[in-house]
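Okay, here's what each chain looks like letter by letter:
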Amino acid sequence: MSTVQKILIVGGVAGGASAAARARRLSESAEIIVFERGPYVSFANCGLPYHLGGEIAERDALLLHTPESLSARFGIDVRVNSEVQAIDRTSKTVAVHNRQTGETYAEPYDALILAPGAAPIRPPLAGLDDSRVFTLRNIPDLDRLMAALTPEIKTVSVVGAGFIGLETVEALRHRGVQVHLIERGPQVLAPLDAEMTAPLSATLKAHGVSLFLGESLQQVTTGGALQLHLESGKVISSDLIVLAIGVRPESALARAAGLDIGITGGVLVDNQQRTSDSAIYAVGDVVEVRHVVDGKPVLLPLAGPANRQGRIAADTVFGRSSHYRGSQGTAICKVFEQTAASTGLNEKALQAAGIAYRKLYLHAGDHAGYYPGATPVSLKILFAPDSGRLLGAQAVGEKGVDKRIDVLAVALQAGLTVDDLAEMELSYAPPYGSAKDVVNLAGMAAQNLQEGLLAIAQPEEIAVAAAQGVQIIDVREPEEIMAGMLPGARNLPLSELRRLLPHLPKGLPVIVYCQVGLRGYIAQRFLAQQGYQVRSLNGGYKTWSMWQQMQ
């Protein structure tokens with residue numbers, strides 16, 4: 001039985017508030033004090049862009065708990081505007097500065113849980129200290145930005161095209177503001193591979209967003225309107241700037257106390273959230289975690305893991321055997337009518353880690369095509385060539401993306417294989433899915449690939465293959481090819497392929513394709529059994545188009 005009588009928690013929001021609530025449920029006698037540097041102890045920081053854009057109408061809806069509600073429900077002492085400035089590990093006390101009164105005092109602890117979160121990155125570039133440059137991390141940030149968005153503000157530049165950047169762009173467009181989106185990388189939403197973001201870039205442009213990919217901000221000049229100087233030499237004029245470049249762990253307190261810091265800059269913890277001091281725990285965006293796919297240390301600042309880590313830390317304080325399994329980076333983002341989500345490692349990360357993989361693309365409806373309103377889901381899975389174990393998945397579409405990625409996230413954490421995906425029994429009725437869901441289809445296609453029934457060519461191979469004399473055959477119907485064909489391709493429709501077979505020489509290799517891959521696979525199986533050396537284009541013309549748009 002734990003002898004802990006007094007727990008101090010530094011930081012609220014996700015990890016800290018979860019730790020406090022769990023601690024109270026485990027012990028009614030323990031004294032629990034939460035210190036929050038800002039004025040709000042528990043708020044929905046993931047909801048900030050949606051209040052900015054008006055989807056969440058009431059600001060108070062973002063306030064999940066107040067000091068008064070936490071005191072009334074859990075008997076927790078919450079001290080807002082109170083910054084923990086130092087930890088004395090020998091005396092087991094913290095130095096607390098009351099930011100309202102100016103008082104500094106010592107508070108003793110039996111167990112200390114650090115949940116200070118992460119701070120927005122603000123590069124040391126000229127002009128970024130201007131009062132018209134904002135971040136969006138907490139309620140005060142939101143209040144300042146909304147106060148600045150007066151009717152005179154016509155143009156805002158958002159720097160960074162990650163989750164917060166994209167959500168902020170959409171919010172600003174909902175407010176009628178012209179938006180420039182500047183991203184140093186070659187694509188938006190880096191957790192996805194580039195080709196999977198093509199629909200997102202197209203959607204942003206369709207909604208009037210000026211997109212600057214592969215552009216690095218160099219400086220801002222502040223005389224009159226803000227002038228953003230990009231590395232390419234372009235200059236963008238803007239009334240306001242929102243920085244959404246990312247966050248870094250608020251690990252200064254832990255570092256000053258001599259706690260071990262990981263190679264990523266996050267606080268080093270074990271799988272029970274203990275730091276290098278057995279009386280001190282750390283949770284949330286401040287900690288370094290292990291990725292479940294490759295076991296490497298990473299920073300993954302996400303609300304779900306922070307909540308679970310807070311619960312585990314409280315369990316460990318009171319002697320319960322709870323362990324954090326690691327993070328897999330499951331995340332989702334709304335970009336106007338599109339949704340994009342991913343779990344596990346993407347292709348770029350697998351290549352960097354030297355992990356062998358295979359990839360497949362699937363494009364299928366979110367529900368049965370004969371039921372009104374079906375929209376396509378584009379899915380990419382990555383899996384181990386030997387075992388078929390799932391390594392990562394990405395999906396983009398208007399509907400049904402969350403369901404598929406959540407199923408695949410569970411599969412990935414459980415160590416399931418593509419064989420398991422093929423055999424999954426998922427809920428089905430025409431308004432909700434198909435008898436063979438896109439997840440099942442991905443597993444079945446992967447089985448075919450693993451067993452040698454499916455031979456594929458990747459989009460990036462087409463240009464070289466054509467130059468080497470490979471026959472590129474489009475098996476779509478003639479009316480379908482008006483929107484475009486692969487360079488050098490000729491049309492032999494699947495419905496006529498058996499009759500037209502004498503027109504296809506056997507002496508040269510063949511790549512066949514259709515719109516999304518199914519008819520290409522049928523053609524590939526037919527031709528292979530006729531003695532042709534043939535492959536099918538992975539994901540068909542649609543995947544090639546997505547890839548081509550990002551070149």
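One can find the structure itself at the top, above this paragraph.
Residues numbered from 1 in each chain as written. Predicted model: local features only at pLDDT ≥ 70, side-chain atom pairs only at ≥ 80, totals over all residues. Heavy atoms only, no water.

Got a minute to help me understand the overall build of the protein chain in this structure?
Along its length, the protein chain carries 16 helices and 32 strands. Long-range pairs, those at least 24 residues apart, make up 63% of the contacts in the protein chain with a sequence separation of at least 6. (Helix = DSSP H or I, 4+ residues; strand = E, 2+ residues; numbered from the N terminus. Contact = heavy atoms within 4.5 Å.)

I tried to follow the sheet that holds strand β15 (residues 217–221) on my own but got confused; where do I start?
By way of backbone hydrogen bonds, the strands of a sheet pair with one another, either parallel or antiparallel. Read across the sheet, 3 strands follow the order β15-β16-β17 without closing on themselves; strand pairing throughout is antiparallel. Of all strands in the sheet, those bounded by a partner on one side alone are β15 and β17 (235–238). Neighbour to neighbour, the strand axes of the sheet diverge by 25° on average, direction disregarded. Sheet topology places β15 next to strand β16 (residues 226–230); 4 bridges connect them, and they run antiparallel. Counterpart to Gln 219 in the pairing with β16 is His 229. (Pairing = 2+ DSSP bridges. Axes fitted to C-alpha atoms, helices over the stretch in contact; angles between N-to-C directions.)

Explain helix α1 (residues 15–26) to me, please; I cannot follow it from the model alone.
In an α-helix there are 3.6 residues to a turn, and that puts residues three or four apart on one side. An ideal rise of 1.5 Å per residue puts 16 Å on 12 residues; α1 measures up with 16 Å between its terminal C-alpha atoms. Along α1, 10 of the 12 residues are buried, which leaves the element largely enclosed by surrounding structure. Residues of α1 that are buried include every one of Gly 15, Gly 16, Ala 17, Ser 18, Ala 19, Ala 20, Ala 21, Arg 22, Ala 23 and Arg 24, and no others. Against the buried residues of α1 lie β1 (6–10), β2 (31–36), β3 (42–43), α3 (67–74), β9 (111–114) and α8 (303–317). (Expected span 1.5 Å × (residues − 1). Buried < 20%, exposed > 50% of the residue type's maximum accessible area, 1.4 Å probe, protein only.)

Teacher, can you tell me more about the sheet that holds strand β6 (residues 82–88) here?
Read from one edge to the other, the open sheet built from 3 strands follows the order β6-β7-β8, with strand pairing classed as antiparallel. Of all strands in the sheet, those bounded by a partner on one side alone are β6 and β8 (104–108). The average angle at which neighbouring strand axes cross in this sheet is 30°, direction not considered. In the sheet, strand β7 (residues 93–98) pairs with β8 via 5 bridges, with the strands oriented antiparallel. Bridging from a neighbouring strand, His 97 pairs with Thr 104 of β8.

Which parts of the structure should I look at to understand the packing of aromatic side chains?
How two aromatic rings sit relative to each other is given by the distance of their centres and the angle of their planes. Evaluation of the coordinates by the stated rule reveals 2 aromatic pairs. Between Tyr 513 and Tyr 541 the ring centres are 6.3 Å apart and the planes differ by 25°, which places this aromatic pair in the stacked class. Residue Tyr 513 is located in strand β31 (residues 510–513), and its partner Tyr 541 is located in helix α16 (residues 540–549); the two are separated by 28 residues in the primary sequence. By the burial criterion, Tyr 513 is buried, and Tyr 541 matches it. (Phe/Tyr/Trp six-rings, centres within 6.5 Å; stacked < 30°, edge-to-face > 60°.)

Would you take a moment to explain the pairing of strand β23 (residues 331–335) for this structure?
Walk down a regular strand and you will see the side chains alternate between the two sheet faces. Residue alternation in β23 divides its side chains into a buried set, Ala 331, Cys 333 and Val 335, and an unburied set, Ile 332 and Lys 334. Counted between consecutive antiparallel strands, the loop separating β23 from strand β24 (residues 338–344) contains 2 residues, among which Phe 336 sits at a positive phi close to 55°.

It is not clear to me how a nonpolar patch on the surface should be interpreted in this structure. Could you clarify?
Together, Tyr 370, Tyr 371 and Tyr 428 make up a nonpolar patch on the protein surface, roughly 360 Å² of accessible area in all. When you line up the elements, Tyr 428 lands in the loop between α11 (418–423) and α12 (438–450). (Patch = residues over 30% accessible without salt bridge, like charges linked within 9 Å, V, L, I, M, F, W, Y side chains within 5 Å. Areas by Shrake-Rupley, 256 points an atom, 1.4 Å probe, with all protein chains shown as cover. Salt bridge = Lys/Arg side-chain N within 4 Å of Asp/Glu carboxyl O.)

Sorry if this is basic, but what is going on with the packing of α1 against α8 here?
Any two packed helices are characterised by how steeply their axes cross, that is the angle between the axes, and by the distance between the axes. Their axes nearest at 7 Å, the elements α1 and α8 cross at an angle of 35°. Crossing hand, α1 versus α8: right-handed. Contacts between α1 and α8 involve Gly 15, Ser 18, Ala 19, Arg 22, Ala 23, Arg 25 and Leu 26 from the former and Ala 306, Asn 307, Gly 310, Arg 311, Ala 314 and Asp 315 from the latter. Looking at side-chain class alone, the contact of α1 with α8 contains 5 nonpolar, 4 polar and 4 charged residues. (Left-handed = near helix turned anticlockwise from the far one by under 90°. Nonpolar A, V, L, I, M, F, W, Y, C, P; charged D, E, K, R; others polar.)

Explain the nonpolar core here, please?
Burial of nonpolar side chains together is a common tendency in soluble globular proteins. Of all hydrophobic cores here, the largest spans 41 residues; its most connected members are Leu 166, Leu 181, Val 188 and Leu 204. Going through the elements one at a time, α2 (48–52), α4 (139–148), β12 (155–159), α5 (163–174), β13 (178–183), α6 (198–206), β18 (240–243) and β23 are the ones with two or more residues in this core. A total of 4 residues in this core trace back to one element, the largest contributor, which is α5. Leu 181 has contacts with Val 158, Gly 160, Ala 161, Leu 166, Val 169, Val 188, Leu 204, Val 209, Ser 210, Leu 211 and Phe 212, leaving out every residue within four places of it along the chain. (Core = buried A, V, L, I, M, F, W, Y, C linked by side-chain atoms within 4.5 Å.)

Even after reading the chapter, I still don't get the side chain of Thr 316, so can you show me in this structure?
Structurally, Thr 316 can be placed in helix α8. A distance of 3.2 Å separates a polar atom in the side chain of Thr 316 from the backbone oxygen of Gln 272. Those residues in contact with Thr 316, other than ones at most four positions away along the chain, are Gln 272, Arg 274, Tyr 281 and Ser 322. (Polar contact = N/O pair within 3.5 Å; in protein donor to acceptor, adjacent residues only side chain to side chain.)

Honestly, the pattern of salt bridges in this entry has me stumped. Any pointers?
A side chain with one charge can pair with a side chain of the opposite charge if their charged atoms come near. Throughout the structure, instances matching the rule amount to 26 salt bridges. Across the pair Asp 277 and Arg 89 runs a salt bridge, and its minimum N-O distance is 2.8 Å. Of the two residues, Asp 277 is situated in the loop between α7 (252–256) and β20 (280–282) and Arg 89 in the loop between β6 and β7; the sequence distance between them amounts to 188 residues. Judged by its relative accessible area of 12%, Asp 277 is buried. Exposure remark for Arg 89: the relative accessible area of 31% places this residue in the partly exposed category. In this structure, the salt-bridge partner of Lys 399 is Asp 366, at a minimum N-O distance of 3.8 Å. In this pair, Lys 399 sits in the loop between β27 (390–397) and α10 (401–413) while Asp 366 sits in the loop between β25 (358–365) and β26 (376–383), placing the two residues 33 residues apart along the sequence. A relative accessible area of 6% means that Asp 366 is categorised as buried. Shared partners join several salt bridges into a network, and the residues in it are Asp 193, Glu 195, Glu 347, Lys 348, Lys 359, Lys 380 and Glu 460.

How should I be thinking about unusual backbone geometry in this particular structure?
What is expected of a backbone is that most residues other than glycine have negative phi and most peptide bonds are trans. Backbone geometry places Val 13, a non-glycine residue, at a positive phi of 50°. Accessibility expressed as a relative area gives 21% for Val 13, which makes it partly exposed. With a phi close to 55°, Lys 92 is a non-glycine residue in the positive phi region. With respect to the helices and strands, the residue Lys 92 is situated in the loop between β6 and β7. Taking the relative accessible area as the measure of exposure, Lys 92 reaches 30% and is therefore partly exposed.

For this particular structure, what's the right way to read the side chain of Glu 36?
For Glu 36, the location among the structural elements is in strand β2. No salt bridge is formed by the buried Glu 36, whose closest oppositely charged neighbour, Arg 37, lies at an N-O distance of 5.8 Å. Within the structure, the side chain of Glu 36 is placed 3.0 Å from the backbone nitrogen of Gly 12, a separation counted as a polar contact. Apart from residues lying up to four places away in sequence, Glu 36 is in contact with Gly 11, Gly 12, Val 41, Arg 79, Val 80, Asn 81 and Ser 82. (Lys, Arg positive; Asp, Glu negative; His and termini not counted.)

Treat this as a map of the structure, not an account of what it does.
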